[in-house]
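Coordinate analysis (summary)
Okay, here's what each chain looks like letter by letter:
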Amino acid sequence: MSGKPSTSALQAAMARASKAQSGIQAAEERHVPVEYLRLDDLDVSPFQARKDFQGIDELARDIAANGVLQPVLVRPLAGGRYQLVAGERRLRASRQAQQATIPAVIRDMTDLEARMHGLRENLQREDLNAYEVARAVLDLTALQLARPADEVQAELGGAAPAEETLRVLGEALKLVNKDLTYLSYRRNYLSLLRLPAHLVAAIEQGASYSAVLAVRAATPEQQRVWLPLIISGEWSRRQVQQALQEAKQTSQPANRPANKKKVPLADDWDRQMGQVSRKFTAKRLQSLDPRRRQKAQRLLNELAQLLEE
């Protein structure tokens, strides 16, 4: 395809992005002055891998008191504007703290280099959630192939992706710094990109993505009740599956997986009582150890009392 970056171009972009990041660190170590840019002149990056920006209140309070201690990285745009490459969390916190300016390091970068740098910074974070990994890897693969992301997504989910697509995907997966292969990415991550917005939001709030995948089979009302339990960590995939099974058996939405046993039907009672009458003899009772004999006697007394009520 005309205009498509080659693997060598990708490697060169990675090298330049790494050099830019090293340059920022070196500048900080040398205390090289940075430029203070007006927040109104900054645009957020369209290449941001991170989607979850919760919990910036504390950072905003710190910035209000002490300012931004680490400069953000930007690249110049036309018309005197700048696009953020790294540091969106600091930018958001600065806006929340009602700051007028922010310290910034300015570097000329192409779209590919800016994307690379943002991904390198974000994909090395331990707290990048599963949806962010899925989205970032797909976007990077599509960028390298110079194709629409939804087209690449459809190919990766199909029967036989092209060799070139798999090769470029493999390069993107290496950046994630996880033991991911095409098969594991397809099985555990690609399906997350087909989730509706409210389930994506649940993952971004910390929900287990395996539990979220399981809850897709629930009704909207069940999802409304169950999702807070999944987000809080109270429910795992197993609890969701159990709740779905119980709801299917009763044909009623279940708020929580019930641990209560099903009440036996009349024929079940006859069968169980027959088993008890055959096994629960005086001789058998005397053969039990004292602790179990006392328990059996207590259960028998409780049953007798229930039947007298």
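The share of residues in the protein with pLDDT of 70 or more is 67%, and the mean pLDDT across the chain is 78. Ranking the elements of the protein by mean pLDDT puts helix α1 (residues 7-29) last with 56 and helix α6 (residues 149-156) first with 93. Below a pLDDT of 50 lies the segment residues 260-265, which in the model reaches two contacts outside its immediate sequence neighbourhood of four places, other chains included.

This next bit is on the pattern of salt bridges. A complete count under the given rule lists 11 salt bridges for this structure. A salt bridge links E88 to R92; the shortest N-O distance between them is 3.0 Å. With E88 and R92 both in helix α3 (residues 88-96), this residue pair falls four residues apart, about one helical turn. According to the relative accessible area criterion, R92 is partly exposed, its value standing at 38%. Note that R147 is salt-bridged to E151, the shortest N-O span being 2.7 Å. For R147, a relative accessible area of 17% puts it in the buried group. Through salt bridges with shared partners, a single network forms among R38, D40 and D41.

Moving on, we come to the side chain of E113. Tracing the backbone through its elements, the reader meets E113 in helix α4 (residues 111-123). Note on E113: relative accessible area 9%, which makes it buried. Of the polar contacts made by the side chain of E113, one reaches the backbone nitrogen of T110; its length is 3.0 Å.

As a further point, take the environment of A218. As for its placement among the helices and strands, A218 is situated in the loop between α10 (209-215) and α11 (220-231). We classify A218 as buried; its relative accessible area is 8%. For the pair A218 and A243, spaced 25 residues apart in sequence, the C-alpha separation works out to 9.3 Å. In this structure, A218 is in contact with Q223, W226 and L244, ignoring residues within four places of it in sequence.

Rules used throughout
Residues numbered from 1 in each chain as written. Predicted model: local features only at pLDDT ≥ 70, side-chain atom pairs only at ≥ 80, totals over all residues. Heavy atoms only, no water. pLDDT = per-residue confidence, 0-100. Helix = DSSP H or I, 4+ residues; strand = E, 2+ residues; numbered from the N terminus. Contact = heavy atoms within 4.5 Å. Salt bridge = Lys/Arg side-chain N within 4 Å of Asp/Glu carboxyl O. Buried < 20%, exposed > 50% of the residue type's maximum accessible area, 1.4 Å probe, protein only. Polar contact = N/O pair within 3.5 Å; in protein donor to acceptor, adjacent residues only side chain to side chain.

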